[in-house]
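Listed below are the residues making up each chain.
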Amino acid sequence: MAPSPLRRFRVLAPLLGCAVLSLSACDDNDDGGPEPKPPVEGAKAAVMTRNVYLGANIFRLAQAQSPQQVPVVAGQLYATVQATDFPTRAEALADEIQSVNPALVGLQEVSLYRTQFPSNFLSSPTPDAQTVAYDFLAILLEKLQERGLNYRVAAKVENADAELPAALAGGALDLTDLRLTDYDVILARGDVQISGVVEQNYTNNQQVPVGGAQVTFKRGFTKVEATFDGASFTFVNSHLEGLMPANQQQANELVGILASYPRPIILVGDLNTGPGSPTPAYGILTGSAGFTDAWAQVGVGNGFTCCVSETVNDTNTSGFDERIDLVFYAGEGLTPLSAQVVGDLLTDRTTSGLWPSDHAGVVVEFNIAR
């Protein structure tokens, strides 16, 4: 996904109070009173949010002012998808997951590209291309398995499913239908038990202009109830729209849905919002909805996660200048212990010079009361 409309804001992470780290270490008990109680020992589990990047900025299709321009722009976008080489980037993403060993991973922009030649778009505009070009989920799972990692798909929601004619073979009279299907996915480690799966789309979605017409870009969320080492919690993963009014509408819709889920809840995702953002989802979640931003509690530094260029071959880190990939939590029994950004260092790039994604990821470790 291209960077959200918000750019160049900075976040000052709060200093960690010693009370967060250890109550007993902060008090010499000079008053002779009772010893303070240590934090309740529970299960410790890390969670991760990772936008894996669909490989091109599809909102460039809005530049097509007529139907005749669509195949040219679509062909250019697919050339970018090929150049950003997800199979190679998936190696780096799998390395990240291996290094932090999260119990649950929330993935966004998990893309499936399919083609059909010759194009039948004019006679059959409903998406029907079946020849798989790139299956991001299958590729990533294969890379995880190669590393001996035991992750499975716990929940998967189909979002936008769109097909357009693309000039891939050299001319407007020689078109290929290009189909993109977008998913949000939760991966669960083998030792995490899963129940209560929900895979749902939002009612409110953004309309995007393409070639003089309006196309609805559908988004959604996934939810599971997880049990690990005797501790249970609800885990939700979502990719909110970055455009208005859908960002606000989807945030309000999500808050209403979350209110019906058992707590404690961890919510992760590319939410296209952040502290001080013009998109209101951050304020909606941290306001009356009662969610806490884990990075604001235990993160060190700015926590920026977005976004390098569309070609993901930047030679510096200046593109990471906003924080929109977030981990929220609500309810008793969850204590964030640490937070880190992954995939934001020059050394995280592939040997060919590609970043793992246009986004960086966020990993938060929690103590979860049993």
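Everything here concerns the structure above.
Attention here is on the structure that accompanies the text. Remember, it's a predicted structure, so these values are computed and weren't measured experimentally.

**What about the packing of aromatic side chains?**
Summed over the entire model, instances satisfying the criterion amount to 10 aromatic pairs. Within the aromatic cluster, the residues linked to one another by ring pairs are Y78, F86, Y113, Y134 and F136. Sitting over the ring of Y183, K156 keeps its end group 4.5 Å from the ring centre. Sitting over the ring of W355, R349 keeps its end group 6.0 Å from the ring centre.

**Overview of the sheet that holds strand β10 (residues 231-239)**
Pairing is mixed in the open sheet, where 6 strands are placed in the order β6-β9-β10-β11-β13-β12. A strand with exactly one partner marks an edge of an open sheet, and here the two such strands are β6 (193-201) and β12 (292-293). Taken together, the 6 bridges between β10 and strand β11 (residues 265-270) define a ladder with parallel strand orientation. Within β11, the residue paired with N237 across the bridge is V268.

**Here's the deal with the nonpolar core**
By size, the foremost hydrophobic cluster in this structure holds 47 residues, and its most contacted members are L107, V110, Y113, L144 and L187. Of all the secondary-structure elements, those providing two or more residues to this core are β1 (43-51), α2 (70-83), α3 (86-100), β2 (104-116), α4 (136-146), β4 (151-166), β5 (176-189) and β7 (206-210). The residues contacting V110, other than those within four sequence positions of it, are V52, F136, L137, T181, D182, Y183 and V185.

**Looking at empty space enclosed by the protein**
Throughout the structure, instances matching the rule amount to 1 cavity of 30 Å³ or more. Estimated volume of the largest cavity: approximately 40 Å³. Taken together, D293, W295, G303, T305, R323, D325, L326, V327, V362 and V364 make up the full set of residues lining the largest cavity. For the lining of the largest cavity, the elements supplying multiple residues, two or more each, are β13 (325-330) and β15 (361-368).

**Here's the deal with the state of the cysteines**
Covalently bonding the sulfur atom of one cysteine to the sulfur atom of another cysteine gives a disulfide. The final tally for this structure, using the stated rule, is 1 disulfide. In this model C306 forms its disulfide with C307; the gap between the sulfur atoms is 1.6 Å. Between C306 and C307, the disulfide has an S-S torsion of -90° and is therefore left-handed. For the pair shown, C306 and C307 are each scored as buried.

**Focus on unusual backbone geometry**
With an omega of 10°, the peptide bond running from M244 to P245 counts as cis. Looking along the chain, the bond that leaves C306 and enters C307 is cis, with omega of -10°. Along the chain, C307 falls in the loop between α7 (294-298) and β13. Look at Y53: it is not a glycine, yet its phi comes out positive at around 75°. Position of Y53 relative to the elements: it lies in the loop between β1 and α2.

**Digging into the side chain of R114**
With respect to the helices, strands and loops of the structure, R114 is situated in strand β2. Buried charge R114 goes without a salt bridge, the closest partner of opposite sign being D161 at 4.3 Å. A distance of 2.9 Å separates polar atoms of two side chains, one belonging to R114 and the other to T181.

**Focus on the pattern of salt bridges**
Counting across every chain of the model gives 11 salt bridges. Across the pair R147 and D95 runs a salt bridge, and its minimum N-O distance is 2.7 Å. On the criterion of sequence distance, the pair formed by R147 in the loop between α4 and β4 and D95 in helix α3 is long-range, its members being 52 residues apart. Residue D95 is classed as partly exposed on the basis of its relative accessible area of 39%.

The rules behind each value
- Counting restarts for each chain: residues are numbered from 1 in the order of the written sequence.
- For this predicted model, a pLDDT threshold of at least 70 governs which residues receive local features, and a threshold of 80 or more governs which side-chain atom pairs are given and counted, while totals over whole chains, interfaces and linings are taken from all residues.
- Computation of side-chain values: all heavy atoms of the structure, hydrogens and water removed.
- What counts as a ring pair is set by centres within 6.5 Å for rings of Phe, Tyr and Trp (its six-membered ring), and what kind of pair is set by the plane angle: stacked under 30 degrees, edge-to-face over 60, tilted for all other angles.
- Whether a charge sits over a ring depends on NZ of Lys or CZ of Arg being within 6 Å of the ring centre and within 35 degrees of the ring normal.
- One bridge is not enough; two strands pair if DSSP finds at least two bridges between them.
- The helix count covers DSSP runs of H or I at least four residues long, the strand count covers runs of E at least two residues long, and both are numbered beginning at the N terminus.
- Buried residues of nine kinds, namely Ala, Val, Leu, Ile, Met, Phe, Trp, Tyr and Cys, make up a nonpolar core once their side-chain atoms join them within 4.5 Å.
- We call a residue buried when its accessible area falls under 20% of the maximum for its residue type, exposed when it is over 50%, and partly exposed in between, using a 1.4 Å probe and counting protein chains only.
- Throughout, a residue-residue contact means that at least one pair of heavy atoms, one from each residue, lies within 4.5 Å.
- Think of a 1 Å grid over just the protein atoms. A cavity is a set of points where a 1.4 Å probe fits yet cannot get out, a pocket is an open set with protein on both sides within 12 Å along at least five of seven lines, and lining residues have an atom within 4 Å of a point.
- Grid points are joined across faces, edges and corners, and a volume is the space filled by probe spheres set on the points.
- By disulfide we mean two sulfur atoms from cysteines, separated by a distance within 2.5 Å.
- Charge assignment in this entry is limited to Lys and Arg as positive and Asp and Glu as negative, and neither His nor the chain termini are counted.
- Salt bridges are defined by distance alone: a side-chain nitrogen of Lys or Arg within 4 Å of a carboxyl oxygen of Asp or Glu.
- Whenever a nitrogen or oxygen atom comes within 3.5 Å of another N or O atom, the pair is scored as a polar contact, on the condition that within protein one atom can donate a hydrogen and the other can accept it, and that pairs from neighbouring residues in sequence are kept only if both atoms are in side chains.

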